[in-house]
Amino acid sequence: MRSLIAIITGLWSFVVGMGVTFLNALRRPVTFQYPERYYVPLEGFRGRPALVLNPDTGEPKCTACQLCAKACPLGIITLEVGQREDKKRFPVRWDLDFGRCMVCNLCVEACPFDALVMSPEYEFSESRPEDLTYSLERLKLPQEGFDASHLDGTVTRVTFGGDGK
């Protein structure tokens, strides 16, 4: 008798499972084919840390206060500080080892000058780990945005707000 109940229970589980599969097969898919369609991230998406440029000078807003480096729990941000003739500090070298970054946003929150933001980019694959170390030039956030090209030849323009956010 127990084996008969086990067989009936197993068949019922199979029928219920196939019913769920059949119903989901009739639904419209919620995913899309990535290279053919580009995903534009929502507001607040955390990509990689990026330096915001001053719209007047085109230079980073960073004053090299090093609060971002101190706030980083992994210590992956390194800065070399220079000083202009008008006594203002600026970053000579600003390196970020994104291969170790956990995208916690603490460096952005620590910046008192809004010179650092999380970019909406999400394509970071590299063939060599040392290519994931971003220098000052590579960290600059383009104010005009960037073009995301697709395999089908179309191009999507991803732009940022005036303040880099």
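Refer to the structure printed above.
**A look at the overall build of the chain**
Here is step 1 of the chain: A count of helical and extended segments in the chain gives four helices and seven strands.
Here is step 2 of the chain: Along the chain, helices and strands appear, N-terminal first, in the series α-β-α-β-β-α-β-β-α-β-β.
Here is step 3 of the chain: Looking at the chain residue by residue over its 165 residues, the buried ones come to 30%.
Here is step 4 of the chain: Pairs at least 24 residues apart make up 62% of the contacts formed inside the chain by residues separated by at least 6 positions.
Here is step 5 of the chain: In the form shown here, the chain has an accessible surface area of approximately 11400 Å², with 57% of it arising from carbon and sulfur atoms.

**A short note on the packing of aromatic side chains**
Each aromatic ring pair is characterised by the separation of its centres together with the angle its planes make.
Here is step 1 of the chain: Overall, the coordinates contain three aromatic pairs when judged by the stated rule.
Here is step 2 of the chain: Considering the side-chain rings of Phe45 and Tyr122, the 6.3 Å spacing of their centres and the 80 degrees angle between planes classify their relative orientation as edge-to-face. Of the two residues, Phe45 sits in the loop between helix H1 (2–26) and strand S1 (49–51) while Tyr122 sits in the loop between strand S4 (116–118) and strand S5 (133–134), which places them 77 residues apart along the sequence.
Here is step 3 of the chain: Measuring from centroid to centroid gives 4.7 Å for Phe98 and Phe124, while their planes differ by 50 degrees, and the two rings are tilted.

**Brief notes about the pairing of strand S2 (residues 77–83)**
Here is step 1 of the chain: Sheet topology note: the S2/strand S3 (residues 89–97) ladder contains seven bridges and is antiparallel. For Gln83, the partnering residue across the bridge sits in S3 and is Arg89.
Here is step 2 of the chain: Hairpin connection between S2 and S3: a loop of five residues separates the two successive antiparallel strands, and Lys87 in this loop has a positive phi of roughly 70 degrees.

**Some remarks on the layout of surface pockets**
Empty space among the atoms becomes apparent when a probe as large as a water molecule is rolled across them.
Here is step 1 of the chain: Put simply, the second largest pocket is a space of about 240 Å³.
Here is step 2 of the chain: If you trace the second largest pocket, you find 15 residues lining it, with Glu59, Pro60, Cys62, Arg84 and Phe90 closest to the centre.
Here is step 3 of the chain: For the lining of the second largest pocket, the secondary structure elements donating two or more residues are S3 and helix H4 (136–139).
Here is step 4 of the chain: With three residues, the top contributor of residues to the lining of the second largest pocket is S3.
Here is step 5 of the chain: When its residues are assigned to classes, the lining of the second largest pocket shows five nonpolar, three polar and seven charged.

**Considering the pairing of S3**
Every regular strand shows the same layout, with side chains that alternate between the two sheet faces.
Here is step 1 of the chain: As paired elements, S3 and S5 share two bridges and run antiparallel to each other. Across the sheet, residue Asp97 finds its bridge partner in S5, namely Thr133.

**Examining the sheet that holds S3**
Here is step 1 of the chain: Reading across the sheet, the three strands line up as S2-S3-S5 and stay open at both edges, with antiparallel pairing between neighbours. At either end of the open sheet lies a strand with only one pairing partner, and these are S2 and S5.

**Notes on the nonpolar core**
Here is step 1 of the chain: By size, the foremost hydrophobic cluster in this structure holds 24 residues, and its most contacted members are Ile77, Trp94, Leu96, Phe98 and Leu116.
Here is step 2 of the chain: Within the residue set of this core, elements represented by two or more residues are S2, S3, helix H3 (106–110), S4 and H4.
Here is step 3 of the chain: The contacts of Trp94, once residues within four sequence positions are left out, are Leu51, Cys62, Cys68, Ile77, Thr78, Leu79, Leu116, Tyr134, Ser135, Leu136 and Leu139.

**As for the side chain of Asn105**
Here is step 1 of the chain: Relative to the helices and strands, Asn105 is located in the loop between S3 and H3.
Here is step 2 of the chain: Under the relative-accessibility criterion, Asn105 is labelled buried at 13%.
Here is step 3 of the chain: Sequence-distant contacts of Asn105, defined by excluding residues within four places in its chain, comprise Arg46 and Met118.

Rules used throughout
- Along each chain, numbering runs from 1 in the same order as the chain's sequence is written.
- Only residues with pLDDT of at least 70 are given local features in this predicted model, and only at 80 or more are side-chain atom pairs given and counted; all residues enter the totals for whole chains, interfaces and linings.
- Calculation of side-chain values draws on the structure's entire complement of heavy atoms; hydrogens and water are dropped beforehand.
- Think of it this way: any DSSP run of H or I at least four residues long counts as a helix, any run of E at least two long counts as a strand, and we number them from the N terminus.
- The classification of residues rests on relative accessible area computed with a 1.4 Å probe and restricted to protein chains. Under 20% of the type maximum is buried, over 50% is exposed, and intermediate values are partly exposed.
- Residue contacts follow a heavy-atom distance rule, with two residues in contact if any of their heavy atoms lie within 4.5 Å.
- Areas reported as accessible are Shrake-Rupley estimates using a 1.4 Å probe. Residue values count occlusion only from the protein chains shown.
- Two rings from Phe, Tyr or Trp (for Trp, the six-membered ring) form a pair when their centres are within 6.5 Å of each other. A pair whose planes differ by under 30 degrees is stacked, one over 60 is edge-to-face, and the rest are tilted.
- In this description, strands pair whenever DSSP reports at least two bridges between them.
- Both site types are read off a 1 Å grid over the protein atoms alone. A 1.4 Å probe that fits but cannot get out defines a cavity, while an open set with protein on both sides within 12 Å along at least five of seven lines defines a pocket; lining residues have an atom within 4 Å of a point.
- Grid points are joined across faces, edges and corners, and a volume is the space filled by probe spheres set on the points.
- Side-chain classes are defined by residue name, with Ala, Val, Leu, Ile, Met, Phe, Trp, Tyr, Cys and Pro counting as nonpolar, Asp, Glu, Lys and Arg as charged, and the others, Gly among them, as polar.
- What is meant by a nonpolar core is a set of buried Ala, Val, Leu, Ile, Met, Phe, Trp, Tyr and Cys residues, joined one to another through side-chain atoms within 4.5 Å.

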